[in-house]
Amino acid sequence: MNTKLYEEGEKSKAICSSCQQIVTSTFARRDVPFSDGNGEVKNILVSVCDLCDQVVAIPGQSTPAIREARQKVVKPIEAQLPAIYLDMLDLAAFTVDSTNSTEFRKVLMVFYLHRFASGEYPRERLLKAHRTAVERFKEERGAARRRLSMKVSLRIADDIKTLVDNTSMSQTEVIKSVIYQIQTDVVEARKPALLKELSALSAISA
Ligand SMILES: [Zn+2]
């Protein structure tokens, strides 16, 4: 790990992927966009290729600012769901703590999305939840739908993408399956350890 403190104007050498050679570079302050296009971090010290002006290296002193900027980026997640799914989610929130508002929807969703995406909860459980939910709540044409709308961190947006990729379900179907699993665990089974964990989160988010 390189922990040298760099200053503006300082020269260095780096491999430039655009020039495809070892180049001399200069440390300069730049606004650097994230590689996935979701936002940028402003005015950080980076090493820039003297030939093509591209960023070739990011010193350790700039890394915490990048982390922070990255955590601040939020992505809107939206789904039009049969109204019963929002009811299930809100009943789960109420079961955890009767003083919870709809704000707790996001806490529940984030908690479950991360557990499924990380593999802590098996993928098969999500697929089974989907099969059961579809079977139990047949979607009639023209039935009332409500919008679930949340702003989530990039980490959670990545979790959703992982689940979409790994299950071949659409984002909406993933969300429905997760909600059904929440209602199974929280409302029906009332798993004590889980309820304890969730009510701790409820206290924090209140
Ligand atoms: Zn270059």
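Within any chain, residue numbers begin from 1 and follow the written order of that chain's sequence. Where totals are concerned, whole chains, interfaces and linings use all residues; where local detail is concerned, this predicted model gives features only for residues with pLDDT of at least 70, and gives and counts side-chain atom pairs only at 80 or more. Only hydrogens and water are removed before side-chain values are computed, so all heavy atoms of the structure are retained for them.

What counts as a domain boundary in this text is fixed by an automatic or database domain assignment. For the protein chain, the assigned domains are domain 1 (11-72) and domain 2 (74-205). Taking only C-alpha atoms, the centre of domain 1 and the centre of domain 2 are 38 Å apart.

By the secondary structure assignment, Pro 76 is in strand E5 (residues 74-82). Any residue under 20% of the maximum accessible area for its type is buried, any over 50% is exposed, and the rest in between are partly exposed; the area is computed with a 1.4 Å probe on protein chains only. The class of Pro 76 is exposed, set by a relative accessible area of 57%. Counting along the chain gives 42 residues from Pro 76 to Phe 34, while the straight-line C-alpha distance between them is 18 Å. The residues contacting Pro 76, other than those within four sequence positions of it, are Met 150 and Lys 151. For helices the rule is a DSSP run of H or I covering at least 4 residues; for strands it is a run of E covering at least 2, with both sets numbered from the N terminus onward. Whether two residues are in contact is decided by their heavy atoms: any pair within 4.5 Å suffices.

Atoms of type N, O and S within 2.8 Å of a metal are treated as its donors, and for Na, K and Ca the window is 3.2 Å; water is not considered, so some sites may appear to be missing partners. Coordination of the zinc ion by the protein comes from Cys 16 (SG), Cys 19 (SG), Cys 49 (SG) and Cys 52 (SG), over a distance range of 2.2 to 2.3 Å. Any coordination sphere not matching a tetrahedral pattern (four donors, all angles between 85 and 135 degrees) or a square planar or octahedral pattern (four or six donors, opposite donors over 155 degrees apart, other angles between 65 and 115) is reported as irregular. Geometry at the zinc ion is tetrahedral, judged from its four donor atoms and the angles of 103 to 114° they form at the metal. The sequence pattern describing where the donors of the zinc ion fall on their chain is C-x2-C-x29-C-x2-C. In this pair, Cys 16 sits in strand E1 (residues 11-16) while Cys 52 sits in the loop between strand E3 (40-49) and strand E4 (55-57), placing the two residues 36 residues apart along the sequence. For Cys 16, a relative accessible area of 1% gives the class buried.

Below, the discussion takes up the environment of Lys 138. Among the secondary structure elements, Lys 138 is positioned in the loop between helix H4 (123-136) and strand E6 (145-153). In this structure, the C-alpha to C-alpha distance between Lys 138 and Pro 76, residues 62 residues apart in sequence, is 27 Å. N or O atoms closer than or at 3.5 Å make up a polar contact, with two conditions inside protein: a donor-capable atom paired with an acceptor-capable one, and, for residues adjacent in sequence, both atoms drawn from side chains. A polar atom in the side chain of Lys 138 sits 3.0 Å from the backbone oxygen of Glu 135.

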